[in-house]
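Read off the chains here:
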Amino acid sequence: MLNVGTHWQAMTATPQRSRTDLAAHGLNSGRLSSWWQGGVIYQVYLRSFQDRNGDGIGDLGGLLSRLPYIASLGVDGIWICPFFPSPMRDFGYDVSDFTDVDPQFGSLDDFDLVVHRAHELGLRVIIDQVWSHTAADHPWFAESRSNRTNPKADWCVWADPRPDGSPPNNWLSWMGGPAWQWEPRRRQYYLHNFLSAMPDLNFHNADVQAAILQVARFWLERGVDGFRLDTANLYAHDPLLRDNGALPAELRGDSPVLMQDHAYTMNQPESLAFLRRLRALMDTHEDRMTVGEIGGSNALTTMQAYTGDADALHTAYSFAFLGGRPDAAAVADQLRPWSAHAGWPSWAFSNHDAPRVATRWSGHAQQAFAFGGQGQAGSTPCADPLTWMALLLALRGTVFIYQGEELGLPQSEVPFEAIRDPYGLANWPLIPGRDGCRTPMPWARGAQHAGFSECAPWLPADPAHAALAVEEQERDPQSMLHRTRELVRLRREHPPLRLGTSDVVFAQGDVLVIKRVLGSHSMLAAFNLGPSPMPWPREVSLGSHRVIWSTPLLIKPGQVLPAGCAIYLTLHTDT
């Protein structure tokens with residue numbers, strides 16, 4: 001197993017940044033003083049990050065041992081995917097106890113050690129909170145389903161059948177099939193927006209909201225710095241249970257749930273009202289934040305509504321770049337609405353639900369879970385993963401890097417007999433599911449299971465990842481890993497990249513130019529996202545400038561943009 005001591009501990013003997021780091025740039029005031037604005041967050045899918053106890057499943061002890069590596073990237077914090085007690089039907093997103101740790105991941109003491117060590121290294125800690133639903137094993141649901149008169153009878157969403165015995169309406173599950181499951185003990189249906197063993201909580205019930213806010217207090221008091229709120233615009237449902245209509249033909253996806261307009265299952269006013277209550281609680285604790293996962297075919301409007309008044313979400317997580325490769329105009333369409341908007345977006349190009357961007361934007365990936373919209377497959381091969389990383393880190397907003405994205409890992413091909421994802425099993429072979437982005441993190445090329453575990457892991461380690469292992473890339477100063485560190489450092493050191501305004505100054509075909517400005521400091525980030533060289537756009541004048549980063553290494557700004565290139569420039573005002 002790779003020794004993390006010498007190199008990474010030397011790089012992280014002192015924290016990467018203090019809680020007042022931005023003061024050096026005169027930015028430690030008002031809205032722009034928050035650590036998460038413009039920050040870079042590293043997503044840890046715990047099951048696949050590092051196994052320390054030898055059961056083939058990543059755990060908190062493994063994460064603790066790898067925190068120096070994460071800190072060496074220069075990121076601001078980590079997002080840890082669910083580690084709570086769970087029957088693991090959806091691998092932790094079905095929670096049976098919101099205030100404990102599943103034994104396979106460790107204990108609350110282990111979690112406290114992770115938080116303490118992360119803070120020593122200058123890393124903030126964000127944890128998933130999965131509040132829209134529980135596991136069917138949760139005591140709340142066990143009591144609610146027992147009869148119609150118990151104290152928690154109204155804690156889940158129950159409805160009588162239609163006279164013919166069919167479900168009460170046409171709502172569909174994001175995992176396939178109707179969103180209703182019959183419960184014979186109550187002779188009613190319960191709502192489940194995901195697996196049938198994941199019943200939805202009833203956010204119209206004040207006691208449910210109070211219980212969830214108490215969960216939030218529990219983790220805030222343990223020192224977490226923020227919450228990533230799973231399916232944050234699905235908390236409340238239409239109490240009249242009206243049928244959803246059809247989406248316009250041009251917006252429909254390939255599966256039934258992507259053909260509906262989720263007007264009565266998403267974006268209900270009660271969801272926003274609850275988020276305002278949560279924000280009031282968060283504001284009683286210093287410098288904490290929430291990032292809400294916002295899905296649906298018109299997520300942008302909801303993202304802005306939930307973040308714009310600074311009284312609900314701090315930032316909203318976009319699915320806009322988790323589908324097929326966008327051209328320059330498509331990127332611009334996502335960025336321009338935020339240029340004059342008070343809200344704050346969060347961006348990701350990969351996560352635990354989407355095929356890895358290194359493959360997906362090279363035209364080879366099949367589609368996967370599509371809570372964020374249509375979920376198209378990849379497109380024409382063009383740039384490499386380093387270009388995508390440079391684009392991500394040039395965007396105005398908070399950015400999330402998924403584990404292994406800094407290595408340029410491609411999507412894994414998991415054979416059917418090894419598939420664990422229930423969505424993949426239900427939709428194979430058309431949609432192979434999410435396991436291909438969840439295979440073990442490769443730490444050492446020559447080690448058993450790539451250094452992830454000493455025994456067979458829960459998903460097979462991908463042999464194609466071995467040459468991209470951390471240990472291999474550490475040796476090469478021009479590797480994806482080292483160049484990602486450079487990009488993260490530049491974002492931290494150049495205030496316009498982190499906190500500046502964003503103006504799309506050119507977006508045609510595959511050529512995109514973004515201008516970032518903060519005070520008297522200006523920068524350009526230019527990209528050719530396509531497979532052919534393109535001329536520098538005549539509409540973009542450079543004046544006095546300095547190239548601070550590019551791929552490939554030798555680019556002549558103002559002349560030709562090579563295929564798949566990215567370039568950062570600082571602009572100087574002549575005096």
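Scroll up to find the structure.
Residues numbered from 1 in each chain as written. Predicted model: local features only at pLDDT ≥ 70, side-chain atom pairs only at ≥ 80, totals over all residues. Heavy atoms only, no water.

Visitor: Is there a simple way to think about the packing of aromatic side chains in this case?
Guide: Counted by the stated rule, this structure contains 33 aromatic pairs. A ring pair is formed by Phe 203 and Phe 274, whose centres lie 5.1 Å apart and whose planes are at 75 degrees; its orientation type is edge-to-face. With Phe 203 in the loop between strand S6 (188–191) and helix H5 (206–221) and Phe 274 in helix H6 (residues 269–282), this pair connects stretches of sequence that are 71 residues apart. Accessibility assignment for this pair places Phe 203 and Phe 274 in one class, buried. Put simply, the rings of Phe 83, Phe 84, Phe 111, Phe 218 and Trp 219 pair up and form one aromatic cluster. One Lys or Arg, Arg 47, reaches over the ring of Trp 458 and ends 4.3 Å from the middle of that ring. In this structure, Lys 152 packs its charged tip against the face of Trp 155, placed 4.6 Å from the ring centre. (Phe/Tyr/Trp six-rings, centres within 6.5 Å; stacked < 30°, edge-to-face > 60°. Helix = DSSP H or I, 4+ residues; strand = E, 2+ residues; numbered from the N terminus. Buried < 20%, exposed > 50% of the residue type's maximum accessible area, 1.4 Å probe, protein only. Lys NZ or Arg CZ within 6 Å of the ring centre and 35° of its normal.)

Visitor: Which parts of the structure should I look at to understand the nonpolar core?
Guide: Buried together is how nonpolar side chains tend to be arranged in soluble globular proteins. In this structure, Tyr 42, Leu 63, Ile 70, Trp 131, Phe 527 and Tyr 568 are the most contacted members of the largest nonpolar core, which totals 143 residues. Broken down by element, this core gets its largest block of residues, 8 residues, from H5. Apart from the residues within four sequence positions on either side, Trp 131 is in contact with Phe 98, Leu 201, Phe 203, Ile 212, Val 215, Ala 216, Phe 227, Leu 229, Tyr 235, Phe 274 and Leu 278. Val 513, Val 540, Ile 555 and Leu 561 belong to the second-largest nonpolar core, a separate cluster that totals 14 residues. (Core = buried A, V, L, I, M, F, W, Y, C linked by side-chain atoms within 4.5 Å. Contact = heavy atoms within 4.5 Å.)

Visitor: Would you explain the packing of H5 against H6 in this entry?
Guide: Two measures define how a pair of helices packs: the angle their axes make with one another and the distance between the axes. The geometry of H5 relative to H6 is characterised by a closest axis approach of 11 Å and an angle of 30 degrees between their N-to-C directions. Judged by the angle between their axes, H5 and H6 are roughly parallel. In the packing of H5 onto H6, the handedness of the crossing is right-handed. Here H5 contributes Gln 209, Ile 212, Leu 213, Ala 216, Arg 217 and Leu 220 to the contact with H6, which in turn contributes Phe 274, Arg 277, Leu 278, Leu 281 and Met 282. Classifying every residue of the contact of H5 with H6 by side-chain character gives 8 nonpolar, 1 polar and 2 charged. (Axes fitted to C-alpha atoms, helices over the stretch in contact; angles between N-to-C directions. Parallel < 35°, antiparallel > 145°, perpendicular 65-115°, else oblique. Left-handed = near helix turned anticlockwise from the far one by under 90°. Nonpolar A, V, L, I, M, F, W, Y, C, P; charged D, E, K, R; others polar.)

Visitor: Mind showing me how you'd approach the environment of Glu 471 here?
Guide: Note that Glu 471 resides in helix H12 (residues 470–474). By relative accessible area, which is 23% here, Glu 471 ends up partly exposed. Between the C-alpha atom of Glu 471 and that of Gln 43, which follows or precedes it by 428 residues, the distance is 20 Å.

Visitor: Got a minute to help me understand the sheet that holds S6 in this structure?
Guide: To summarise the sheet geometry, strands pair through backbone hydrogen bonds and adopt either a parallel or an antiparallel arrangement. Strand order in this open sheet of 3 strands is S4-S6-S5, and the pairing throughout is antiparallel. Every other strand in the sheet has two partners, leaving strand S4 (158–159) and strand S5 (180–183) as the edge strands with one partner each. The sheet contact formed by S5 and S6 spans 4 bridges and is antiparallel. Residue pairing across strands places Trp 180 opposite Leu 191, the latter belonging to S6. (Pairing = 2+ DSSP bridges.)

Visitor: What is the right way to look at helix H7 (residues 299–307) in this model?
Guide: Along an α-helix, residues three or four apart share an orientation, since each turn contains 3.6 residues. Among the residues of H7, Ala 299, Thr 302, Met 303, Gln 304, Tyr 306 and Thr 307 are the ones counted as buried. The inward-facing, buried residues of H7 contact H6, strand S11 (315–317) and strand S12 (345–348).

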